[in-house]
Amino acid sequence: MIVAQRPLWLFRSPIRQQLFLLVGATFCAGVLLLSVWLLVLMRWAETENQKRLLAVLQPLLTGALVAPMIERDYASVRETAQALVESAAIQGLTIYTTDGNAVVEAGSLASGTADPSHGFALQASGAVVGRVEVRFSALPLQELWQRTAYAMLGGAIVVLLSGLWVLRAYAQALAARLARLRHTADAIAAGQLDARCDDRGNDEIGRLAADFNHMARRVEHEVRALSASRGEVQAILQSIGDGLIATDRVMRITYLNPVAEALTGWSAAEATGQSIANVLRLENALTGEPAEIPVGRVIETGKIVGLANHTVLIARDGRRLHIADSAAPVRDAEGELFGVVMVFRDVSEAYQLRADLEAERTRLALALKGADLGLWDRDLTTDRLVVDQRWAAILGYALDEIPTRDTQAWEQLVHPDDLPIAQRALQAHLRGDSEQYEAEFRMRSKRGGWRWILSRGRVTARAADGRPLRITGTHLDVTERREALREIEQLAFYDPLTGLANRRLLLDRLGRALASAQRDGCHGGLLFVDLDHFKKINDGLGHGAGDAVLREVAQRLQQNVRETDTAARMGGDEFLVLLPELDRDLSVAASAARRVADKLAAVLAQPYALPQSERLVTVTTSIGIALFPDREADAETLLRRADTAMYRAKAEGRSTVRFFEPSMQAESEARLALEADLREALQTGQFRLYLQPQCDPLGRVVGAEALLRWQHPKRGWVPPAAFIWLAESSGLIDDIGQWVLGEATQWLARCDELGVPLRIAVNISPRQFMQPDFPQRVRQTLAHSGADAGRLVLEITENVLLHDPAQAAARMIELKALGVRFSIDDFGTGYSSLAYLKRLPLSEIKIDRSFIAGLPDDSNDAALTKAILLLAQEMELEVVAEGVETESQLEWLRTHGCRTIQGYLLGRPEPAGDLIERLQRASTDPAPARAPAASP
């Protein structure tokens, strides 16, 4: 690297300023030096002149004054003095004796433009003989100034010459800096890319050097990058699997890579400089005529040109190779074309395979045409679907009209009900679960109708990791076959008059339902429906009217059962209805079957309009019900049981419903009666709200739980366990829960009026909580009653969180924003996930009474209760222990920090008004309010 010396401080400013600085400094220094020199010279000349005059006067005057007074020649002295004055050397002269008398005066000593007067003593033999006052004349100074002017002229010339020397030195310094810059440029041009000009000046040359160094670094970076790029390109060209030939503008070869050498039979050394026509001999494989080399056309058009199909390369050794290639122009930075690069590869094997494939395709097309099959091919990586003419013709399309070009377009043609079946079959094959893909589905034809298609296919290409890449298959139109099968099935499994399932199909489905019920434990029912006195219609109105009634009965049955149910005709006027999967609880399933039977009886009892007649006829039904599963009963047995129950219904007066088992009949009827009573209780106000106090460890009432009581006019007090389950299953729990919530908020508002600080907890059923409008109902109830939302506690069970945790959390957060508090009831007996304790806006948890019952003796109950208390304390949740009935339980809970206790020991449930009235009276009593002793 070329390194220059560090520039002087002078070169740290712009050159113009440097020039001004040099000229000014030189001028000022010259003037200053000249002035000092002149002053020193003048002072020296004046002093020397005066010394010379004094040297002349002193001996003369001293000699005149040394002689005795009589011998003193004052006249000679006066003449001498006058001669000096007249010579213009002295302006004035006065001689004094030792006693101070002026003995000689010549000229004037008055001050003027001349030099000031000088006095000196006259001595002889060491004794003072007198004193002289003399003032020199200015004329000698004028002569001195003249000489000085000449001296100044000479000095100016010296200063000018010095300045020129300084400027010359500065110019040489600048030239040296520029020379260093030029030397650096020469070094870079010679290949020394790391050469730099180390000129750190801040003037123009310094900035030029900095820009030059920056440019040099860029040049070095670009050259090295270009060199690396050229090396990469060279390596790529040497390693690519295609042949590559580069030419100049006159089609002379400039480069061949190793693959091109192997394909043409020419080495790069031999081919370089040769015309490409000598090296690359091309021929049309079909005609045998010479083929055009695309390089010439690229030079003419400046565009990329490819080889025609069926091109053969004749190598130097005579080999004939099918090749595919393209030629592209190579341009410089200005866009001028200066060469062509041609890339080609040996496709002889692919050409032969393509020819063989074309032959196979022709044979396959003939086979498919004979088999009436359409061909399809799907690329799984691009989702592109290709079909043939026959495939399109199956749906009534021409090949260019077919809209299926990808999977989404294909799916739009498939019947929505069949699409999942086809997709599952395809995915199973792609996963390797089946040897081939096979599915039957309907596709919409061009005319809008549906055609049944049998589609088969197999994966024909896989990636290295086994992932399927392509699947190919066929389509076969099986519409006629499906129609034939449907007609056969209709005749075999369906009643020709009504279109309902016949006995064979019903027994098959009943067998499947039995197997499923025995496996899953879910009960179902079989209804045997018989038309009462149907023979009278046939006898009185004719079989045509009877058939019309039977068809209408079948239609009404189908319209009033579920899609999973089966309505069938056994023959004559007998029908069967299969009701699978009613409920896991046998009594609930029985009630559901009874409701369906009652519904069908009511529907079938509606009048029937006979065709071509204005008459209306009515028909009643007798229905027998048999429930399953029963380990001892198969399908035929169940059929007989339902038939027996139907005949029992007929025997008991017709137009009624009977179960096969009398005990179940009684239970079902009792359930229905209880449900009817529940509905009446809601309408007539038979429900009562009771409150059970919740106390602190000292027995003071701090809250209460709302409990529902039913006072039936005939049954008396009905316990909640006897009807809550029915309210849940029948859906009445929504209305009952809303009633309880309304009553509780009314009593909360009453507590606010009386100044009783009581909070009330209301149990919310899962069904009620998950109603979409539940938060709105709570908000409206609070607004209607005017109660403080902060004193309302909604108790939910852990099962509420199992159905939809996210939705449950959203509703709780919405109500929490109103101030409503939430409590988890029966904590520890259900889901018991600590996750919801962290995520949900809970205020308290209630320890289930099953844990409290074993305290303090049961170590397991004690450990679990203690863990719940510690957990709640860490999470800052309140804890309510319910079911406390003994003093030992109360003492254990007090000892372990439980702050809220509920149970018969501290207070039984009592009417809400009674508890609030008692608390209001206690609030005026100075003694603390406590729960009353539990009464038996």
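An account of the accompanying structure is given in this report. All values reported here derive from a predicted model rather than from experimental measurement. (Residues numbered from 1 in each chain as written. Predicted model: local features only at pLDDT ≥ 70, side-chain atom pairs only at ≥ 80, totals over all residues. Heavy atoms only, no water.)

Quick word on the overall build of the protein
- Scanning the protein from N- to C-terminus turns up 30 helices and 33 strands.
- Counting all 936 residues of the protein, 43% fall into the buried class.
- Here the analysis covers contacts within the protein between residues at least 6 apart in sequence; of these, 60% occur between residues at least 24 apart.
- A total of about 49900 Å² of accessible surface is found on the protein, and carbon and sulfur atoms cover 54% of it. (Helix = DSSP H or I, 4+ residues; strand = E, 2+ residues; numbered from the N terminus. Buried < 20%, exposed > 50% of the residue type's maximum accessible area, 1.4 Å probe, protein only. Contact = heavy atoms within 4.5 Å. Areas by Shrake-Rupley, 256 points an atom, 1.4 Å probe, with all protein chains shown as cover.)

As for the packing of aromatic side chains
- Going through the model one piece at a time under the given rule, you end up with eight aromatic pairs.
- Judged by centre distance (6.0 Å) and plane angle (50°), the rings of Phe687 and Trp710 are tilted. Of this pair, Phe687 sits in strand 24 (residues 687–695) while Trp710 sits in strand 25 (residues 701–712); the two residues are 23 residues apart in sequence, bridging distant segments of the chain.
- Here Trp710 falls in the buried class, since its relative accessible area comes to 0%.
- Counting every residue linked through ring pairs, the aromatic cluster contains Phe687, Trp710, Phe723 and Trp739.
- The ring of Trp266 carries Arg316 above its face, with NZ or CZ at 3.9 Å from the centroid. (Phe/Tyr/Trp six-rings, centres within 6.5 Å; stacked < 30°, edge-to-face > 60°. Lys NZ or Arg CZ within 6 Å of the ring centre and 35° of its normal.)

Notes on the sheet that holds strand 16 (residues 468–477)
- With antiparallel pairing, the five strands of this open sheet are ordered in space as 13-12-16-15-14. Of all the strands in the sheet, the pair left with one neighbour each is strand 13 (384–387) and strand 14 (437–444). Neighbour-to-neighbour, the strand axes of this sheet turn through a mean angle of 25°, independent of strand direction.
- Summarising the sheet, strand 12 (residues 373–379) and strand 13 pair through four bridges and their orientation is antiparallel. Each residue of the ladder has a partner; that of Asp377, found in strand 13, is Val386.
- Contacts from helix 12 (residues 419–431) reach strand 12, strand 14, strand 15 (450–462) and strand 16, with the element oriented near 150° to strand 14. (Pairing = 2+ DSSP bridges. Axes fitted to C-alpha atoms, helices over the stretch in contact; angles between N-to-C directions.)

Thoughts on the layout of surface pockets
- In this structure, the largest pocket spans a volume of roughly 900 Å³.
- Lining the largest pocket we find 35 residues, and of these Glu705, Leu707, Pro720, Asn763 and Asp825 sit closest to its centre.
- Elements with a minimum of two residues in the lining of the largest pocket: strand 25, helix 20 (724–730), helix 21 (733–754), strand 27 (759–763), helix 22 (766–769), strand 28 (792–797) and strand 29 (821–827).
- A per-element tally of the lining of the largest pocket places strand 25 first, with five residues. (1 Å grid on protein atoms, 1.4 Å probe; cavity = no way out; pocket = protein on both sides within 12 Å on 5 of 7 lines; lining within 4 Å. Points joined across faces, edges and corners; volume = space filled by probe spheres on them.)

Quick notes on the sheet that holds strand 19 (residues 574–583)
- Across the sheet, which stays open at both edges, the five strands sit in the order 18-19-17-22-23 with mixed pairing between neighbours. Two strands lie at the open edges of the sheet, namely strand 18 (566–571) and strand 23 (657–659), each paired on one side alone. Taking the axes of each pair of neighbouring strands and ignoring which way they run, one obtains an average angle of 25° across the sheet.
- Bridging between strand 17 (residues 523–531) and strand 19 involves seven bridges; their strand directions are antiparallel. Each residue of the ladder has a partner; that of Asp530, found in strand 19, is Glu574.

Some points on helix 8 (residues 294–301)
- Among the residues of helix 8, Pro294, Val295, Gly296 and Val298 are the ones counted as buried.
- Looking at the buried residues of helix 8, the elements they touch are strand 5 (243–248), helix 7 (276–279), strand 7 (281–284), strand 8 (305–306), strand 10 (320–331) and strand 11 (337–346).

Quick notes on the packing of helix 15 (residues 534–541) against helix 16 (residues 543–559)
- Remark: helix 15 packs on helix 16, axes separated minimally by 6 Å, with the N-to-C direction vectors making an angle of 140°. Taken together, helix 15 and helix 16 sit at an angle that is classed as oblique. For the pair helix 15 and helix 16, contact is made by Phe534, Ile537, Asn538 and Leu541 and by His543, Ala545, Gly546, Val549 and Leu550, respectively.
- Among the residues making up the contact of helix 15 with helix 16, the classes are represented as six nonpolar, three polar and no charged. (Parallel < 35°, antiparallel > 145°, perpendicular 65-115°, else oblique. Nonpolar A, V, L, I, M, F, W, Y, C, P; charged D, E, K, R; others polar.)

Observations regarding the nonpolar core
- In this structure, Leu678, Leu758, Val762, Phe769, Leu794, Ile845 and Leu893 are the most contacted members of the largest nonpolar core, which totals 76 residues.
- Among residues more than four places away in sequence, those in contact with Leu678 are Phe687, Trp710, Phe723, Leu726, Ala727, Leu732 and Ile736. (Core = buried A, V, L, I, M, F, W, Y, C linked by side-chain atoms within 4.5 Å.)

What about empty space enclosed by the protein?
- Scanning the entire structure with this criterion turns up one cavity of 30 Å³ or more.
- Here the largest cavity is characterised by a volume of approximately 150 Å³.
- In terms of lining, the largest cavity is formed by Trp376, Arg378, Leu385, Trp391, Thr407, Trp410, Leu426, Tyr437, Ser455, Ile471 and His475.
- Breaking the lining of the largest cavity down by element, the ones donating at least two residues are strand 12, helix 11 (407–413) and strand 16.
- Considered class by class, the residues forming the lining of the largest cavity number seven nonpolar, three polar and one charged.

Describing the environment of Cys751
- Within the fold, Cys751 resides in helix 21.
- Judged by relative accessible area, Cys751 falls into the buried class, the value being 0%.
- A sequence separation of 36 residues divides Cys751 from Ala787, and the C-alpha atoms of the two residues are 8.8 Å apart.
- Residues in contact with Cys751, not counting those within four places in the same chain, are Val756, Leu758 and Ile916.

With respect to the side chain of Asp734
- As for its placement among the helices and strands, Asp734 is situated in helix 21.
- What makes Asp734 buried here is its relative accessible area of 10%.
- Setting aside chain neighbours within four positions, we find Asp734 in contact with Arg767, Gln768, Gln771 and Arg777.

Considerations on helix 25 (residues 805–816)
- Compared with the 16 Å implied by 1.5 Å per residue over 12 residues, the 16 Å span of helix 25 between its first and last C-alpha is a close match.
- Taken together, the buried positions of helix 25 are Ala808, Ala809, Arg811, Met812 and Leu815. All buried residues of helix 25 fall inside an arc of 165° around its axis, so they share one side. (Expected span 1.5 Å × (residues − 1). Arc of directions from axis to C-beta.)

Quick look at the pairing of strand 27
- The buried fraction of strand 27 amounts to four of the five residues, a majority that puts the element mostly inside the structure.
- For strand 25 and strand 27, the ladder comprises three bridges, and the chain directions are parallel. If you follow Ala704 over to strand 27, its bridge partner there is Ile760.
- Here strand 27 runs beside strand 28; their pairing, made up of four bridges, is parallel. From the neighbouring strand, Ile760 faces strand 28, where its bridge partner is Leu792.

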